[in-house]
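The primary structure of each chain is shown beneath.
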Amino acid sequence: MHAMSAHNPLSARLAAEAGFDAIWGSGFELSASHAVPDANILSPSQHLEMMRAIAATVDAPVIADIDTGFGNAINVSYMVPQYEAAGASAVVMEDKTFPKDTSLRAAGRQELVRIEEFQGKIEAACGARRDVDFCVIARTEALIAGAGEQEALTRALAYEAAGADAILIHSKQSSPDEILSFVAAWPGRVPLVLVPTAYPQLREADIQALGKVGLVIYGNHAIRAAVGAMRDVFARIRRDGGIHEVDAGLPTVKEIIALQGDAHMRELERRYLK
Ligand code: SPV
Ligand code: MG
């Protein structure tokens, strides 16, 4: 299964249109789209609102990035039903202290909570879900924090024991060696989740051949594509002294109108405007 990141319903619709199996409700992308760091600067309600809007727009399952769960196990108990009500099919919760710092930044503040504390948060998430099929994915940041493979394995096994449906193992190494070693050593029963942003050379077929990975998340490619495209077009318009050069290469206004769900509105017009 492959999930593409999104930061709004339009990017989610494009990801679904491209054939991704699921949408990753990325905290990094939402923060970037507000031009603030991915460090719990935005409120949980802003992220929930994004999830609600995305789930209302696409049929693909939505995987919500709930960072550290916005506090302790009590906060998690109150947040998980809200994510379920917003239409999410799963949450991913990471074992760092609140407020978190973003994982992929060099020299970020990466402090882990105690294993028992995080087990309590996983138990709270599992206990708060109403639908038994709602997935609680535990994410260990042990490799990100430089705590080593043994600590990552110990944590992942403890999180599985606490009821996690899958384990997300994150790495910021530019080579996939650290992740490949963890996957090979993983003795658990639940599937692993990878976010190969830092090691893009690892392809889907390579990951599938590992046999233990159930989900791959492309963590920030919607916002990076958007930033690259906007920068390029804005610079060209300034350089050309108008939009005459760029226009033919851009998606047409008609395409955007279609993405806005125009066909549905016209159907409503036909039926109800009398
Ligand atoms: C996100 O997309 O918000 C993630 C993945 O959590 S990462 O930014 O790589 O930590
Ligand atoms: Mg995140």
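Anything mentioned here points back to the structure above.
Counting restarts for each chain: residues are numbered from 1 in the order of the written sequence. All chains are assigned letters beginning with A, and all ligands numbers beginning with 1, in the order in which they are written. It should be noted that, the model being predicted, local features are given only for residues of pLDDT at least 70 and side-chain atom pairs only at 80 or more, the latter also being counted only at that level, while totals for whole chains, interfaces and linings use all residues. Values reported for side chains reflect all heavy atoms of the structure, with hydrogen atoms and water molecules removed beforehand.

Trainee: Run through the environment of Glu-149, naming residues and quoting values.
Mentor: Tracing the sequence through the fold places Glu-149 in helix H6 (residues 149–161). Placed 29 residues apart in sequence, Glu-149 and Glu-178 show a C-alpha to C-alpha distance of 7.9 Å. The residues contacting Glu-149, other than those within four sequence positions of it, are Leu-143, Glu-178, Ser-181, Phe-182 and Ala-185. Comment: elements are numbered from the N terminus, with helices defined as DSSP H or I runs of at least four residues and strands as E runs of at least two. A contact between two residues is defined here by any heavy atoms of the two lying within 4.5 Å.

Trainee: Quick rundown of the sheet that holds strand S2 (residues 22–25)? Include the residues and the values.
Mentor: Strand order in the closed barrel formed by 8 strands is S1-S2-S3-S4-S5-S6-S7-S8, and the pairing between neighbours is parallel. Each adjacent strand pair in this sheet contributes to an overall mean axis angle of 25°, direction not counted. One bridge is not enough; two strands pair if DSSP finds at least two bridges between them. In the sheet, S2 pairs with strand S3 (residues 62–65) via 3 bridges, with the strands oriented parallel. Counted as the bridge partner of Gly-25 is Ala-64 from S3. Helix axes use the C-alpha atoms of the stretch in contact, all axes being lines fitted to C-alpha atoms, and the angles between their N-to-C directions lie in the range 0 to 180 degrees.

Trainee: Could you give an account of the packing of aromatic side chains, naming the residues involved and the relevant values?
Mentor: Pairing of aromatic rings covers Phe, Tyr and Trp, the last through its six-membered ring, and needs centres within 6.5 Å; plane angles under 30 degrees mean stacked, over 60 mean edge-to-face, and all others mean tilted. Tallied over the full model, the rule gives 4 aromatic pairs. Seen in terms of ring centroids, Phe-70 and Tyr-83 are 6.4 Å apart; in terms of plane orientation they differ by 5°. Their pairing is stacked. Of this pair, Phe-70 sits in the loop between S3 and helix H4 (73–85) while Tyr-83 is found in helix H4, placing the two residues 13 residues apart along the sequence. Here's how the labels work: a residue is buried when its accessible area is under 20% of the maximum for its type, exposed when over 50%, partly exposed in between, all with a 1.4 Å probe on protein chains only. Classification of Phe-70 as buried rests on a relative accessible area of 11%. On the basis of relative accessibility, which here comes to 0%, the residue Tyr-83 falls in the buried class.

Trainee: So what's going on with helix H7 (residues 177–185)? Which residues, and what values?
Mentor: Every α-helix winds through 3.6 residues per turn, so residues three or four apart in the chain are directed the same way. Among all positions in H7, only Ile-179, Phe-182 and Val-183 are buried. Along the long axis of H7, the arc covered by the buried residues comes to 95°, so they all point the same way. In H7, those exposed residues whose orientation departs by more than 90 degrees from the buried face are Asp-177 and Ala-184. The arc refers to the directions leading from the helix axis to the C-beta atoms.

Trainee: An account of the side chain of Asp-101 is requested, with residue identities and associated values reported.
Mentor: Structurally, Asp-101 is set in the loop between strand S4 (90–94) and helix H5 (115–128). The buried charged residue Asp-101 lacks any salt bridge partner; its closest oppositely charged side chain belongs to Arg-109, at an N-O distance of 4.1 Å. Among the polar contacts made by the side chain of Asp-101, one reaches the main-chain amide nitrogen of Arg-109 at a distance of 2.9 Å. With sequence-adjacent residues up to four places away left out, Asp-101 is seen in contact with Asp-38, Ala-39, Lys-96, Gly-108, Arg-109 and Gln-110. By the counting scheme adopted, Arg and Lys are positive, Glu and Asp are negative, and His together with the chain ends is not counted. One speaks of a salt bridge when a side-chain nitrogen belonging to Lys or Arg is within 4 Å of a carboxyl oxygen belonging to Asp or Glu. Residues adjacent in sequence count toward polar contacts only when both atoms are side-chain atoms; beyond that, a polar contact is any pair of N or O atoms within 3.5 Å, and within protein one must be able to donate a hydrogen and the other to accept it.

Trainee: Please give an account of the site of ligand 1 that cites residues and values.
Mentor: By nearness alone, every residue bordering ligand 1 is listed as Trp-24, Ser-26, Gly-27, Phe-28, Asp-65, Ser-103, Leu-104, Arg-139, His-170 and Gly-219. Between ligand 1 and Ser-26, the relevant distance is 2.6 Å, taken from an oxygen atom to a side-chain nitrogen or oxygen of the residue. At a separation of 3.5 Å, an oxygen atom of ligand 1 approaches a polar side-chain atom of Ser-103. Accessible areas in this description were obtained via Shrake-Rupley with a 1.4 Å probe; residue shielding takes into account the shown protein chains only. Contact with the protein chains removes 100% of the 280 Å² of surface that ligand 1 exposes when unbound. Residue polarity follows a fixed list, in which Ala, Val, Leu, Ile, Met, Phe, Trp, Tyr, Cys and Pro are nonpolar, Asp, Glu, Lys and Arg are charged, and the others, Gly among them, are polar. When its residues are assigned to classes, the shell around ligand 1 shows 3 nonpolar, 5 polar and 2 charged. Near residues are defined by distance, with any heavy atom within 4 Å of the molecule or strand qualifying the residue.

Trainee: Give me the lowdown on unusual backbone geometry, citing residues and values where you can.
Mentor: The omega angle of the peptide bond from Phe-98 to Pro-99 is 0°, so this bond is cis rather than trans. Tracing the chain through its elements places Pro-99 in the loop between S4 and H5. Positioned with a positive phi, Phe-70 is a non-glycine residue whose angle comes to about 65°.

Trainee: Go over the packing of H6 against H7 with me, naming the residues and quoting the values.
Mentor: For the pair H6 and H7, the least separation of the axes is 11 Å and the interaxial angle reads 45°. In terms of their interaxial angle, H6 and H7 are classed as oblique. Two packed elements cross with a definite hand, and for H6 against H7 that hand is right-handed. Where H6 approaches H7, its residues Glu-149, Ala-152, Leu-153 and Ala-156 are matched on the opposing element by Glu-178, Ser-181, Phe-182 and Ala-185. In terms of residue class, the contact of H6 with H7 is made up of 5 nonpolar, 1 polar and 2 charged. Roughly parallel means an angle under 35 degrees; roughly antiparallel, over 145; roughly perpendicular, 65 to 115; everything else is oblique. Handedness of each helix crossing follows the sense of rotation of the near helix against the far helix: counterclockwise by less than a right angle gives left-handed, clockwise gives right-handed.

Trainee: Give me the lowdown on the nonpolar core, citing residues and values where you can.
Mentor: In terms of nonpolar packing, the biggest core is built from 61 residues, with Ile-23, Ile-54, Tyr-83, Ile-122, Ile-167 and Leu-194 touching the most fellow members. Element by element, the count of residues in this core is highest for H5, at 7 residues. Definition used in this section: a nonpolar core is a set of buried Ala, Val, Leu, Ile, Met, Phe, Trp, Tyr and Cys residues joined via side-chain atoms within 4.5 Å.

Trainee: Provide a residue-level description of helix H9 (residues 221–240), including the pertinent values.
Mentor: Take the residue count of a helix, subtract one, and multiply by 1.5 Å to get its expected span. An ideal rise of 1.5 Å per residue puts 28 Å on 20 residues; H9 measures up with 28 Å between its terminal C-alpha atoms. Of the positions making up H9, those classed as buried are Ala-222, Ile-223, Val-233 and Ile-237. An end-on view of H9 places all buried positions within 110° of arc, on one side of the element. Exposed residues on H9 whose side chains face more than 90 degrees from its buried face are Arg-231, Arg-238 and Arg-239. Two residues or fewer past H9, Gly-241 is found with a positive phi of approximately 75°.

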